[in-house]
Amino acid sequence: MKTIFVNCSPKKKMSVSGYLNTLAALGIKGEKVKEQVRNKGDHERVLSQIKEAEAVVFSMPLFVDSVPSHIMNFLADMEAFCLEKGLAPKVYVIANNGFIEGRQNKALMQVMQNFCKRSHLPFGGGIAVGGGVMLNVTRILFPIQCGLVVFSSLMNGLQTGNFMLREALLAFIELALVMTVLHCGVLFFGARLIKAINRRGECSVGYTRMMLPSFLFALVADIFFIIISIFGGGIFKGWLARKTEEQ
Amino acid sequence: MRLLIHDLPEKWDEILRPKAEEVFRADGNYAPCQGCFGCWTKHPAQCFMKDKLQTICQKFGKADELIIVTENHYGSYSAAIKNVMDRTIGLSTPFMTYRKGLTHHTLRYGKKKKLTVYVYGDMTEDEKNTFRLLAECNAVNFGYREMELHFAASAEELEGVMA
């Protein structure tokens with residue numbers, strides 16, 4: 001039982017796709033191998049891993065409504081490789097996108113299913129997560145907030161002798177509840193996908209999202225990009241202007 | 001201005017030239033988008049990678065009509081065409097808005113007239129349906145008011161379909 005997790009993000013670190021692969025891998029039994037395809041130089045290595053795999057899990061970001069271009073190249077090589085060697089690992093897909101609606105990944109999922117048909121590979125299903133970038137925010141914020149709860153409890157305990165354990169516990173439960181609500185779709189459909197992968201079975205594609213109203217998500221994203229653009233300097237370089245090549 | 005991008009061999013540049021004021025051949029010899037968002041946050045509408053696609057979104061921005069000629073790959077654009085499209089994120093701004101009830105980014109260059117996509121090559125019915133969905137999503141995403149999609153069984157049949 002060998003499962004290959006292919007991170008399809010071009011990012012070297014802090015990719016949501018890699019994070020989702022790590023989360024999914026937690027529930028998978030048997031041998032697990034994590035790989036990443038960033039350019040053509042990675043193809044041979046990843047294909048040699050796929051040779052011995054029973055399941056391949058692709059985790060990818062949505063780029064312009066579909067599969068990123070460097071992965072289109074990899075899929076073509078994988079099709080030729082699997083047909084030539086007579087391989088038929090089951091293919092599962094985890095997609096994430098910057099917009100809040102997970103259903104914006106529909107075309108991407110269809111492209112992956114079409115790829116499977118062309119390559120004579122069984123498609124096992126998947127999950128598409130809207131607002132995926134929020135996962136990067138929560139994975140940083142949650143440990144920080146937990147750390148702050150522990151810190152304030154400790155400081156209080158050292159100063160007054162009262163560690164306020166009850167308050168700390170309540171604060172932690174509140175944080176955990178907020179996290180659970182935000183991620184409930186990812187947790188539910190993720191668990192369903194993990195179950196399907198473990199029995200090498202199939203599940204339908206679950207389109208879900210971070211459980212946040214879209215207007216609130218848009219507001220958070222706007223603030224996030226304003227801050228990043230101040231630090232990046234773009235805000236001072238014609239941030240929203242119609243740039244032309246002559247400029 | 002009409003801009004045409006295609007993934008066909010070089011000789012097609014001449015055949016396609018009457019269709020648009022500017023013809024861009026996607027040869028696939030450039031780096032894929034790195035997903036850094038620098039074209040939003042650091043150097044607007046410009047990529048940090050210094051290749052032929054560094055200012056491609058500015059070229060797209062100038063055109064009010066975009067014609068894409070692409071080989072079918074699983075119901076999506078060929079890797080060469082998709083590479084160009086992935087590098088045009090700077091066409092939009094980081095700000096969010098709603099279009100057709102879904103969240104999208106606001107458009108740096110405003111709404112555009114028309115997106116026309118010609119897909120050639122061997123295609124299954126499922127792949128055609130995927131392309132219909134994909135081109136529709138692209139038109140909304142890039143802000144094109146109209147969208148047309150045509151299929152040709154091979155590159156040779158393209159001329160007839162495009163006539």
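Here the structure is shown first, and the text comes after it.
Here is what the cut-offs are and how they apply
Residues numbered from 1 in each chain as written. Chains lettered and ligands numbered in written order. Predicted model: local features only at pLDDT ≥ 70, side-chain atom pairs only at ≥ 80, totals over all residues. Heavy atoms only, no water. Helix = DSSP H or I, 4+ residues; strand = E, 2+ residues; numbered from the N terminus. Rg over C-alpha atoms; globule rule 2.2 N^0.38 Å. Buried < 20%, exposed > 50% of the residue type's maximum accessible area, 1.4 Å probe, protein only. Contact = heavy atoms within 4.5 Å. Areas by Shrake-Rupley, 256 points an atom, 1.4 Å probe, with all protein chains shown as cover. Lys, Arg positive; Asp, Glu negative; His and termini not counted. Charge placed at Lys NZ, Arg CZ, Asp CG, Glu CD. Expected span 1.5 Å × (residues − 1). Arc of directions from axis to C-beta. Phe/Tyr/Trp six-rings, centres within 6.5 Å; stacked < 30°, edge-to-face > 60°. Lys NZ or Arg CZ within 6 Å of the ring centre and 35° of its normal. Disulfide = S-S within 2.5 Å. Pairing = 2+ DSSP bridges. Axes fitted to C-alpha atoms, helices over the stretch in contact; angles between N-to-C directions. Buried area = accessible area lost by both parts, 1.4 Å probe. Salt bridge = Lys/Arg side-chain N within 4 Å of Asp/Glu carboxyl O.

Undergrad: Would you mind showing me how to read the overall build of chain B here?
TA: Assigned secondary structure in chain B consists of six helices and seven strands. The helix and strand sequence of chain B, counted from the amino end, reads β-α-β-α-α-β-α-β-β-β-α-β-α. For a compact globule of 163 residues, the expected C-alpha radius of gyration is about 15 Å, and chain B comes in at 15 Å, within 12% of that figure. Sorting the 163 residues of chain B into buried and exposed places 60% on the buried side. Pairs at least 24 residues apart make up 64% of the contacts formed inside chain B by residues separated by at least 6 positions. Of the roughly 6,400 Å² of accessible surface on chain B, a fraction of 50% belongs to carbon and sulfur atoms. On chain B, the mean spot of the 22 positive side-chain charges and the mean spot of the 22 negative ones are 9 Å from each other.

Undergrad: Is there a simple way to think about the overall build of chain A in this case?
TA: Secondary structure summary: chain A contains seven helices and six strands in total. Along the three orthogonal principal directions, the C-alpha set of chain A runs to about 70 × 55 × 30 Å. The buried share among the 247 residues of chain A stands at 52%. Of the contacts made within chain A by residues no fewer than 6 positions apart, 78% connect residues no fewer than 24 positions apart. For chain A, the accessible area works out to roughly 11,800 Å², and carbon and sulfur atoms hold 64% of it. Here chain A carries 27 positive and 17 negative side-chain charges, and the mean point of each set is 4 Å from the other.

Undergrad: Could you clarify how one ought to interpret helix H7 (residues 214-232) of chain A in this entry?
TA: Counting along an α-helix, one turn takes 3.6 residues, and residues three or four places apart therefore face a common direction. With 19 residues, H7(A) extends 26 Å between its outermost C-alpha atoms, agreeing within 8% with the 27 Å of an ideal straight helix rising 1.5 Å per residue. When H7(A) is considered as a whole, its buried residues turn out to be Ser214(A), Phe217(A), Ala218(A), Ala221(A), Asp222(A), Phe225(A) and Ser229(A). Projection of H7(A) onto a plane perpendicular to its axis shows the buried side chains occupying an angular sector of 135°, all on one side. On the buried face of H7(A), the contacting elements are helix H5 (133-160) and strand E6 (206-209) of chain A together with helix H2 (38-41), strand E4 (92-99) and strand E5 (102-107) of chain B.

Undergrad: Help me out: how do you make sense of the environment of Ala171(A) in this one?
TA: Here Ala171(A) lies in helix H6 (residues 165-198). Spatially, the C-alpha atom of Ala171(A) lies 37 Å from that of Pro10(A), the residues being 161 residues apart in sequence.

Undergrad: Sorry if this is basic, but what is going on with the packing of aromatic side chains here?
TA: Centre-to-centre distance and the angle between the planes together describe a pair of aromatic rings. Within this structure, the stated rule accounts for 11 aromatic pairs over all chains. Arranged with centres 6.3 Å apart and planes meeting at 65°, the rings of Phe58(A) and Phe74(A) form a pair that is edge-to-face. Taken together, the positions of Phe58(A) in strand E3 (residues 55-61) and Phe74(A) in helix H3 (residues 69-85) put the pair 16 residues apart, joining distant regions of the chain. For Phe74(A), a relative accessible area of 0% corresponds to the buried category. Among the aromatic residues, those joined into a ring-pair cluster are Phe224(A), Phe225(A), Phe37(B) and Trp40(B). Stacked on the ring of Tyr19(A), the Lys or Arg Arg139(A) has its end atom at 4.3 Å from the ring centre.

Undergrad: Looking at this structure, how should I read the state of the cysteines?
TA: A covalent bond between the sulfur atoms of two cysteines is referred to as a disulfide. One pass over the full model with this rule turns up zero disulfides over all chains. Free of any disulfide, Cys47(B) has its nearest cysteine sulfur in Cys36(B), 6.3 Å distant.

Undergrad: Even after reading the chapter, I still don't get the sheet that holds strand E2 (residues 31-36) of chain A, so can you show me in this structure?
TA: Picture the strands of a sheet paired through backbone hydrogen bonds; they go either parallel or antiparallel. All names here are of chain A. Pairing in this open sheet of six strands is parallel, and the strands run E2-E1-E3-E4-E5-E6 from one edge to the other. Single-partner strands in this sheet number two, and they are E2 and E6. On average, adjacent strands in this sheet sit at an angle of 15° to one another, irrespective of strand direction. As paired strands, E3 and strand E4 (residues 90-97) are joined by seven bridges and run parallel to one another. Residue pairing in the sheet places Val 57 in a bridge with Tyr 92 of E4.

Undergrad: Can you help me understand the side chain of Asn96(A) in this one?
TA: Note on placement: Asn96(A) falls in strand E4. Sequence-distant contacts of Asn96(A), that is, excluding residues within four places in its chain, are made with Val16(A), Ser17(A), Leu20(A), Met60(A), Pro61(A), Leu62(A), Asn105(A), Val129(A) and Gly132(A).

Undergrad: Please clarify how the interface of chain B and chain A should be interpreted in this entry.
TA: Often, the extent of an interface is quoted as the loss of accessible area on bringing the components together. On the chain A side, the residues contacting the 52 residues of chain B number 54 residues. Roughly 4,400 Å² is buried in total at the junction of chain B and chain A, and carbon and sulfur atoms are behind 58% of that figure. Of all residues in chain B, the largest losses of buried area upon contact with chain A belong to Tyr74(B), Phe95(B) and Met96(B), amounting jointly to 17% of the total for that side. Counting the contacts that link chain B with chain A gives three salt bridges. Measuring nitrogen to oxygen at the nearest pair gives 2.5 Å for the salt bridge that ties Asp126(B) to Lys117(A).

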